[in-house]
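Read off the chains here:
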Amino acid sequence: MFGFGKKHADLDKTLADKQEQVLAALNALPCPPIADHLVDDRVVDALRVDETEGGKSKRVVVEVVLPTMALKGKAALLTSIERAVKGVLGDVPVHVEVSSDVQPAVPMTNGKGGIPGIKNVVLVASGKGGVGKSTVASNLATALAGLGCKVGLLDADIYGPSAPTMFGISDGTRPGTAPSADPNKPMLVPLERFGVKLMSIGFLVDTQTAMVWRGPMIASAAMQLFKDVMWGELDYLIVDMPPGTGDVQLTISQQVVVAGTVVVSTPQDVALADVIRAKAMFDKVSIPCLGVVENMSYFICDGCDKRHEIFLHGGARHAAERMLVPFLGEIPIEPGVVKGGDMGEPVVHKHPESQSAKAFVALAEEVATALAKTAFDNPEALAQPTLSISGGSLQDQGKKPKKGLPVVS
Ligand SMILES: Nc1ncnc2c1ncn2[C@@H]1O[C@H](COP(=O)(O)OP(=O)(O)OP(=O)(O)O)[C@@H](O)[C@H]1O
Ligand SMILES: [Mg+2]
């Protein structure tokens with residue numbers, strides 16, 4: 001034998017004897033909003049015994065497949081899984097192994113182009129300029145990446161690209177290229193910072209050049225950033241939209257399958273009127289609104305660390321209620337946010353302990369969990385099966401079938 005403690009030497013047998021009880025205990029746990037039962041819905045995907053590193057002892061491994069690594073309440077869920085296993089088996093070593101299987105929230109079949117490999121395109125938009133779209137988009141993307149999601153950020157603001165500055169990409173840095181099926185049209189390779197794949201018109205042309213472009217040219221350049229980039233497999237592509245409701249917005253809305261829009265607002269009345277207009281535009285092109293986030297909601301003072309309500313905060317929450325869309329949270333005004341943006345490192349990465357960073361992480365969890373819930377409730381949107389040949393037979397590598405007991409080995 002390997003010398004693991006006698007107490008746990010018979011872990012295989014203990015688990016084999018009690019696996020039905022363990023599964024029942026796991027199935028009875030309260031679920032996150034994306035499953036009815038953890039085992040039946042294959043959130044708990046497998047249960048096994050393996051050796052810890054070095055083979056010194058054994059442990060029970062619970063394989064958990066989440067609908068997103070950014071699931072709201074993830075930590076509590078994983079703790080309750082560990083406790084439930086110990087509740088049946090006693091005080092044995094338990095390791096919860098977590099992976100994710102993100103699904104598209106919106107079917108890829110409504111006439112618009114899905115982008116191969118990208119599960120969910122999320123637009124960050126507003127009716128008005130300067131409310132913090134780029135700040136929200138870059139921190140949302142960085143927060144999702146930090147939580148373990150596969151994320152890209154597309155900066156679609158042709159007149160005023162922000163991603164190069166916000167991610168510290170020095171002037172003149174150009175993305176690489178890679179061959180594609182069409183030898184005359186190589187693909188662009190996105191840059192990468194803080195786990196986020198990045199593409200911006202700012203990497204390709206200078207703002208002066210783009211300033212003289214007419215509407216259709218701009219829209220076509222924005223579309224190239226979607227289609228001619230080797231994004232690879234992404235759970236989420238976050239799109240930093242230009243302000244307002246112009247050509248780019250319309251073209252993207254018409255040509256790309258979009259999972260939803262996060263509308264950014266500040267608390268003032270004038271910005272809220274713009275939110276309502278922005279939502280109306282996306283409604284017209286049947287793009288779901290994931291909700292409204294209030295940016296610069298209140299002020300966190302550098303010196304005293306206190307919260308100061310400088311505007312009548314809460315306006316965006318009321319607007320969301322009026323429009324019957326979720327309210328996604330409040331982001332404080334914090335000097336660190338500006339510094340992070342200017343110094344090329346989003347505040348989520350630079351000062352993860354700050355209140356604004358925590359607010360952005362909470363926003364990331366809200367957005368990802370809402371998309372996961374829509375995908376779960378809407379089986380039509382499941383990933384298209386990906387067929388591959390293995391051992392002479394066709395195998396579906398797409399979504400695994402739901403319902404059924406996990407494999408116990
Ligand atoms: N929560 C915040 N706290 C402090 N400063 C912020 C916050 N959000 C945004 N800012 C600052 O406000 C300014 C405008 O933000 P940002 O560029 O993100 O807005 P935008 O909506 O993308 O603007 P545009 O419409 O021009 O694209 C920036 O200087 C940014 O650093
Ligand atoms: Mg911007």
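Owing to the predicted nature of the structure, the values given are computational and were not obtained by experimental measurement.

Concerning the overall build of the chain
- Along the chain, the regular secondary structure elements total 13 helices and 17 strands.
- Residues classed as buried in the chain amount to 44% of the 409 residues present.
- Counted over contacts in the chain with a minimum sequence separation of 6, partners at least 24 positions apart contribute 75%.

Some remarks on the site of ligand 1
- Not every one of the 21 residues close to ligand 1 is listed here, only the nearest: Gly 129, Gly 132, Ser 134, Thr 135 and Val 337.
- Mapped by element, the contributors of at least two residues to the shell around ligand 1 are α4 (133–146), β12 (289–300), β14 (327–333) and α11 (335–342).
- Considered class by class, the residues forming the shell around ligand 1 number seven nonpolar, eleven polar and three charged.

Notes on the pairing of strand β10 (residues 234–240)
- Counting buried residues in β10 gives seven out of seven residues, a clear majority hidden from the surface.
- Relative to β10, strand β4 (residues 118–125) is paired through six bridges, and the arrangement is parallel. Across the sheet, residue Ile 118 finds its bridge partner in β10, namely Leu 234.
- Pairing of strand β5 (residues 151–155) with β10, which is carried by five bridges, proceeds in the parallel orientation. By the bridge assignment for β10, Leu 154 is matched with Val 239.

Describing the environment of Ile 34
- Inspection of the secondary structure puts Ile 34 in the loop between α2 (11–27) and β1 (44–51).
- Taking the C-alpha atoms as reference points, Ile 34 and Ala 370, separated by 336 residues in sequence, lie 9.0 Å from one another.
- In contact with Ile 34, other than residues within four places in its own chain, are Pro 67, Ala 372, Lys 373 and Phe 376.

Quick word on the packing of helix α7 (residues 215–227) against helix α8 (residues 247–255)
- Running from N to C, α7 and α8 point in directions that differ by 45°, and their axes come no closer than 9 Å. Taken together, the axis directions place α7 and α8 in an arrangement best described as oblique. Crossing of α7 over α8 shows right-handed handedness. Along the contact surface, α7 presents Gly 215, Pro 216, Ile 218, Ala 219, Ala 222 and Met 223, while α8 presents Asp 247, Val 248, Thr 251, Ile 252 and Gln 255.
- Considered class by class, the residues forming the contact of α7 with α8 number seven nonpolar, three polar and one charged.

Focus: the nonpolar core
- Val 124, Leu 140, Leu 144, Ile 238 and Val 367 are the most contacted members of the largest nonpolar core, which has 110 residues in total.
- If one sorts the elements of this core by residue count, helix α13 (residues 355–377) sits on top with 13 residues.
- Looking at this core, you find at least three residues from each of domain 1 (9–101) and domain 2 (118–371).
- Those residues in contact with Val 367, other than ones at most four positions away along the chain, are Val 122, Leu 140, Val 262, Leu 290 and Leu 328.

Comments concerning the confidence of the model for the chain
- For the chain, mean pLDDT is 84; residues scoring 70 or higher make up 86% of the total.
- Predicted confidence for residues 1–6 stays below pLDDT 50, and this span has ten contacts to residues more than four positions away or in other chains.

Quick notes on unusual backbone geometry
- One non-glycine residue with positive phi stands out, namely Phe 194, at about 50°.
- Positive phi outside glycine occurs at Ser 286, with the angle close to 55°.
- Within the secondary structure, Ser 286 is located in the loop between α9 (269–284) and β12.

So, helix α3 (residues 74–89)
- In this model α3 runs 23 Å from its N-terminal to its C-terminal C-alpha over 16 residues, within 8% of the 22 Å that 1.5 Å per residue would give.
- Listing the buried residues of α3 in full gives Lys 74, Leu 77, Ile 81, Ala 84, Val 85 and Leu 89. Across the axial projection of α3, the buried residues extend over an arc of 115°, all falling on one side. Exposed positions of α3 whose direction lies more than 90 degrees from the buried face are Ala 75, Ala 76, Thr 79, Arg 83 and Gly 87.
- In the core, the buried residues of α3 are packed alongside α2, β1, β2 (58–66) and β3 (94–100).
- Directly after α3, the chain includes Gly 90, whose backbone phi takes a positive value near 90°.

Let's talk about the environment of Phe 376
- Considering the arrangement of structural elements, one finds Phe 376 in helix α13.
- If sequence neighbours within four positions are ignored, Phe 376 has contacts with Ile 34, Ala 35 and Pro 67.

What about the pairing of β14?
- For β14, the tally of buried residues reaches five of seven residues, placing the bulk of the element in the interior.
- Of the strand pairs in this sheet, β12 and β14 are connected by five bridges, and their pairing is parallel. Directly across from Val 293, in β14, lies its bridge partner Gly 329.

Topic: α13
- Over its 23 residues, α13 runs 33 Å from end to end, which matches the ideal 33 Å to within 8%, given 1.5 Å per residue.
- Taken across its 23 residues, α13 has 18 buried, putting it largely inside the fold.

Comments concerning the packing of α4 against α13
- Between α4 and α13, whose axes approach to 8 Å, the crossing angle comes to 75°. When the interaxial angle is binned, α4 and α13 end up roughly perpendicular. Residues Asn 139, Leu 140, Ala 143 and Leu 144 of α4 form the contact with α13, whose participating residues are Phe 360, Val 361, Leu 363, Ala 364, Val 367 and Ala 368.

With respect to the environment of Ala 219
- Counting through the fold element by element, Ala 219 comes out in helix α7.
- Residues Ala 219 and Val 248, spaced 29 residues apart in sequence, show a C-alpha to C-alpha distance of 4.7 Å.
- Ignoring anything within four residues of it in the chain, the contact list for Ala 219 reads Asp 247, Val 248 and Thr 251.

Rules used in this analysis
- All residue numbers refer to positions counted from 1 along the written sequence of the respective chain.
- Each chain takes a letter, starting from A, and each ligand takes a number, starting from 1, following the order in which they are written.
- For this predicted model, a pLDDT threshold of at least 70 governs which residues receive local features, and a threshold of 80 or more governs which side-chain atom pairs are given and counted, while totals over whole chains, interfaces and linings are taken from all residues.
- Helical segments are the DSSP runs of H or I of at least four residues, strand segments are the runs of E of at least two, and each set is numbered from the N terminus.
- Residue burial here comes from a neighbour count, namely the number of other C-beta atoms, placed from the backbone, that lie within 10 Å of the residue's own C-beta, with 20 or more meaning buried, 12 or fewer meaning exposed, and in between meaning partly exposed.
- A residue pair is marked as a contact if its C-beta atoms, positioned from the backbone, fall within 7 Å.
- For each residue, a C-beta atom is placed from the backbone, and the residue is labelled near a molecule or strand when this atom is within 6 Å of it.
- Any residue that is not Ala, Val, Leu, Ile, Met, Phe, Trp, Tyr, Cys, Pro, Asp, Glu, Lys or Arg is counted as polar, Gly included; the first ten are nonpolar and the last four charged.
- Strands qualify as paired when DSSP identifies two bridges or more between them.
- Under this scheme, a helix contributes an axis fitted over its contacting stretch, all axes are lines through C-alpha atoms, and angles between N-to-C directions fall in the 0 to 180 degree range.
- Should an angle fall under 35 degrees it is taken as roughly parallel, and over 145 as roughly antiparallel, whereas 65 to 115 is taken as roughly perpendicular and any remaining angle as oblique.
- Crossing chirality is assigned from the near helix's rotation relative to the far helix, an anticlockwise turn below a right angle marking it left-handed and a clockwise turn marking it right-handed.
- Core membership is restricted to buried Ala, Val, Leu, Ile, Met, Phe, Trp, Tyr and Cys residues, and these are joined into a nonpolar core through C-beta atoms within 7 Å.
- Reported domain spans reflect what an automatic or database domain assignment gives.
- The predictor attaches a confidence to each residue, called pLDDT, with possible values from 0 through 100.
- A helix is expected to reach a length of 1.5 Å times the quantity of its residues less one.
- Within this analysis, the arc is defined by the directions that extend from the helix axis to the C-beta atoms.

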